[in-house]
Each structure stands twice: as C-alpha cells, then as structure tokens.
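These are the residues of each chain, in order.
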Amino acid sequence: MRKLGLLLVALALAVLFAGSAMAADTIKVGYLAALTGDWAAYGQTELNAAKLAVDEINAKGGVLGKKLELVPYDFRTRPEDAVNAFRRLAENDKVVAVVGANGSGINIATAPLSTKYKIPQIGTVSTNLNVTVTPEGKLNPYMFRTCFTDPYQGQVIAYFAVKNLKKMNAAVLYDVGSDYSQGLRDFFMQYYKKYGGKIVADQAFRAGTDVDFRAQLTTIRDSKADVLILPNMGKEMALIMKQARELGMKDIIFIGGDGYGEFMWEIAGKSMEGSYWINHVAPEDPAMQPFFASYKKIYNDECKEFVNGILAYDSIYWLADAIKRAGKADSTAIRNALENTKNVKLHHATMSINPKDHNPMNKTAVVLVAKDGKGRFFTKIQPK
C-alpha cells in the first residue's frame, strides 16, 4: 500500500513537472476580441487572423526557441467584460502581453490595468488619442496601437472631402456614446473648417438604442449638405445610409472612417455604392495576398473584414518581433522593445513608434470606395 502511495506521488510530481516544462516552452499572449455582440464580425476575423499569425510563427520555430500560445477572451463589445478578461489574463493566465481590442473605448477602459499589471497591450483599430495618452497628457506606458490615430484620420477625411471631392458643405451624424465616434467627429470638424469647409448640420444618436435616424436625416437633408460624415462603427452606418436614400437623399455623398465593415452591405445594399471610407489598408495590396490566400485556405472565407484581419495579423508579428528584440519573455522588456520600434517591416506597413505617445509615425492612409458590393482601393493620402 505504501509503495502504491509513493508511486502515486511520483506520478503526480511527474505530471506537475511535465506541465511546468510545457508551460516554460510557451509564451502566453492574451487576445481580446468581440466574438459576440454588435462587433462580432470584426472580432471573429481578428481572432482567426491572430491564430494564423501564431501558427505561422510557431511553424518557423516560434520566438526565442519557444512557441507562442494565444489565450483569447470574448469581451462581447462591452468595456466591463474587457476589464474582467484583462484581469483574468494577468492574474490567472500569466500572459506577457495582450493584443486587441478593435475599439478605442475598450482600450481606454483596460489602459489602467495594463499599467497596474505592467503588461503591454496593442490595440488593433483603436484610434482615439486617449488609448495611449490620458486626457491630461500623461502617457499610458504599457499601451500601444498598430493603427493611426483619430486626429490624423479626421484630418484625412476633411482633406479628402475638400481637396479631392470639392465638397464644402458637410453634415455629421455621430454616436454620443462612443469615444471613437466623438473623437473622430471633433477632429474632422476642426480640420474641415481649416480647409475652408462649412459644417451645416451636426446631429447625434446613441448606438445600441437608436435604429431610426429619419429625424436626424431630415434635418441634414434640409441643411443642403452635399456630404455626410459618418464617424461611426458598422451597423448604424449601414442603417443611416439606407434610410437616407429612402428619404430621397440621392446625391449626398457618404464618407466614413475605419469603422467600415463588409457586412454593412447586407443591411444597406445598394445604398452603400459610391461611399468613401478612410482606412489603414487596401485589400488589393500585393504584400497582403499571401495572407488572404492562407486565410481563405484555412477558414474557407474571404476575410471580408480585411482591416481587422490584417491589423490583427500584423499586431502578432509586431509583438513577436518585440519579444525577439527584448531577448526574453518579460513584460517590461517587451514594453521597452515595443516603444523602441524603428523601421520594423510588417506585411501592411513599416512600423516606427513615437516613444512620446506610442503612436505609429508617418503611416499613409488609404481611401476605399464602395463599388459593386465591395470596398475597393481608390487612392492614398498623406494630408498637408
């Protein structure tokens, strides 16, 4: 009996040490994605793309001789769920870094935790300034982003509307409950006026509550605006465009930012045609074709939400590069490597980070045009 007891203890210790050895052979990376809720189309694409990047990196030997292990959580499009997930990633899963989310409000909510736990976090499509820098101007030391920021995006929208389209009378319809939407609105208005444009209507709604926008659109129609700016995310923009056309607004041009999603066609249909969208990447980019081919082969899907897919994919590659440069799987060392990123060649862009605000520098913006049921490359812009 005593021998059996000793054998069981020995087996338990062997399992324990084997588990520890296995854990030591992996580098855990958290991922926050909205797998359910209004942003599910974005989040599911991001997680698929992140898994693809991890598999590719691991197939080539991993990082520092170790495999990357992705630990995903669904934050269901809710900041409170993202906060709870970050705590679990830090306290239970012991990750060295977190990638995601694709919404500014989510990353603003998790920023204090990244500082508390000293775990770097990379936002994919989180463009609000306060993701990496507080409203008081203090750097969030462990927060980073792959995308450009709202001030730049707002400037690009204004520049494109005035300089390229020659539209001088703009209306704005934005979400009062979104940090992203309000920030993008504010910066668009600032630059549009600077370029000589006039804001003739400024209307608001609340996402998740409002689905009928006819009252706001009637005001916009009566204002004689020739362009309608939609600094929002997904579903609501599709409904707005559909209802605008139903109200007889046939000539007004829609311009939005990187909240564009291919799934919007299912709601808006032909109302999307001829709209313009400021974005980070173009699906026709030759450098991204191997990614699209691999994504389709593995998931049997065209990666419709290509912006989220590409930025998630390259966020993992950027993080892997930072871990390699850090020389160890230590969160603070990784943070320092991310901050000191200079001319790191990713798939969609060459990445350099401003250490003062943790924002990418000198990224060219892409303009997509909605044509024949798809977002297509129109032009590139670097406003002056």
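Coordinates for the structure precede this section.
About the cut-offs
Residues numbered from 1 in each chain as written. Predicted model: local features only at pLDDT ≥ 70, side-chain atom pairs only at ≥ 80, totals over all residues. Heavy atoms only, no water. Pairing = 2+ DSSP bridges. Helix = DSSP H or I, 4+ residues; strand = E, 2+ residues; numbered from the N terminus. Axes fitted to C-alpha atoms, helices over the stretch in contact; angles between N-to-C directions. Contact = heavy atoms within 4.5 Å. Buried < 20%, exposed > 50% of the residue type's maximum accessible area, 1.4 Å probe, protein only. Salt bridge = Lys/Arg side-chain N within 4 Å of Asp/Glu carboxyl O. Core = buried A, V, L, I, M, F, W, Y, C linked by side-chain atoms within 4.5 Å. 1 Å grid on protein atoms, 1.4 Å probe; cavity = no way out; pocket = protein on both sides within 12 Å on 5 of 7 lines; lining within 4 Å. Points joined across faces, edges and corners; volume = space filled by probe spheres on them. Nonpolar A, V, L, I, M, F, W, Y, C, P; charged D, E, K, R; others polar. Polar contact = N/O pair within 3.5 Å; in protein donor to acceptor, adjacent residues only side chain to side chain.

Trainee: How should the sheet that holds strand β16 (residues 374-381) be read in this particular structure?
Mentor: What links the strands of a sheet is backbone hydrogen bonding, and the strands pair in either a parallel or an antiparallel sense. What the seven strands build is an open sheet, ordered β7-β6-β8-β9-β10-β15-β16; its pairing is mixed. A single partner strand is all that each edge strand has here, and the edge strands are β7 (198-205) and β16. Put simply, the sheet's adjacent strands are angled 25 degrees from each other on average, direction ignored. Note that strand β6 (residues 169-175) and β7 share seven bridges and pair parallel. Note on β7: the bridge partner recorded for Y174 is A204. Along the sheet, helix α5 (residues 150-164) contacts β8 (227-230), β9 (253-256), β10 (276-279), β15 (365-371) and β16; its crossing angle with β16, the most-contacted strand, is approximately 90 degrees.

Trainee: Help me understand unusual backbone geometry, please; the structure alone is not making it clear to me.
Mentor: Most peptide bonds are trans, and most residues other than glycine sit at a negative phi. The peptide bond linking G100 to A101 adopts the cis configuration, its omega dihedral lying at 15 degrees. Looking at the secondary structure, you find A101 in the loop between β3 (97-99) and α4 (104-117). Of note in the backbone geometry, K166 takes a positive phi value of approximately 60 degrees without being a glycine. K166 gets classed as exposed once you look at its relative accessible area, which sits at 59%. Notably, N343 is not glycine yet its phi reads approximately 55 degrees, a positive angle.

Trainee: Can you walk me through the pattern of salt bridges in this structure?
Mentor: Oppositely charged side chains may form a pair once their charged atoms are brought near each other. This model, assessed by the stated rule, comprises 13 salt bridges. As a salt-bridge pair, D38 and K235 come within 3.7 Å of each other at their nearest N and O atoms. In this pair, D38 sits in the loop between β1 (26-33) and α2 (40-59) while K235 sits in helix α8 (residues 235-246), placing the two residues 197 residues apart along the sequence. Between K296 and E302 there is a salt bridge, and its shortest N-O distance comes to 3.0 Å. Taking the relative accessible area as the measure of exposure, K296 reaches 42% and is therefore partly exposed. Put simply, R76, R78, E80 and D81 are held in one network by salt bridges that share partners.

Trainee: Got a minute to help me understand the nonpolar core in this structure?
Mentor: Burial of nonpolar side chains together is a common tendency in soluble globular proteins. In terms of nonpolar packing, the biggest core is built from 127 residues, with L68, F188, I220, L228, I255, F291 and I316 touching the most fellow members. No other element matches helix α11 (residues 306-326), which puts 13 residues into this core. Beyond its immediate stretch of four places on either side in the chain, L228 contacts A171, V172, L173, L217, I220, I240, I252, I253, F254 and I255.

Trainee: Any chance you could explain the sheet that holds strand β4 (residues 121-123) here in plain terms?
Mentor: The five strands are arranged β2-β1-β3-β4-β5 in an open sheet whose pairing can be described as parallel. Each end of this open sheet is capped by a strand with a single partner; those strands are β2 (67-74) and β5 (143-145). Between one strand and the next, the sheet's axes are offset by a mean angle of 25 degrees, whatever the strand orientation. Alignment of β1 against β3, held across three bridges, turns out to be parallel. Residue pairing for β3: Y31 is matched across the bridge by V99.

Trainee: Mind showing me how you'd approach the layout of surface pockets here?
Mentor: Space left empty within the atom packing is revealed by a probe, the size of a water molecule, rolled over the atoms. In this structure, the largest pocket spans a volume of roughly 530 Å³. No other element matches α4, which puts three residues into the lining of the largest pocket. When the residues that make up the lining of the largest pocket are grouped by side-chain class, the tally is 10 nonpolar, 10 polar and seven charged.

Trainee: I would appreciate a short explanation of the side chain of N140 in the present structure.
Mentor: Considering the arrangement of structural elements, one finds N140 in the loop between β4 and β5. For N140, a relative accessible area of 9% translates into the label buried. Engagement of the side chain of N140 in a polar contact is seen with the backbone oxygen of V131, the distance being 3.1 Å. The residues touching N140, leaving out its near neighbours within four places in the chain, are A111, N130, V131, T132, V133, T134 and H358.

Trainee: How do you make sense of empty space enclosed by the protein when you look at a structure like this?
Mentor: A complete count under the given rule lists one cavity of 30 Å³ or more for this structure. What the largest cavity holds in volume is close to 40 Å³. Lining of the largest cavity is provided by Y42, N102, V125, M233, D258, G259 and N308. Residues of the lining of the largest cavity, tallied by class, amount to three nonpolar, three polar and one charged.

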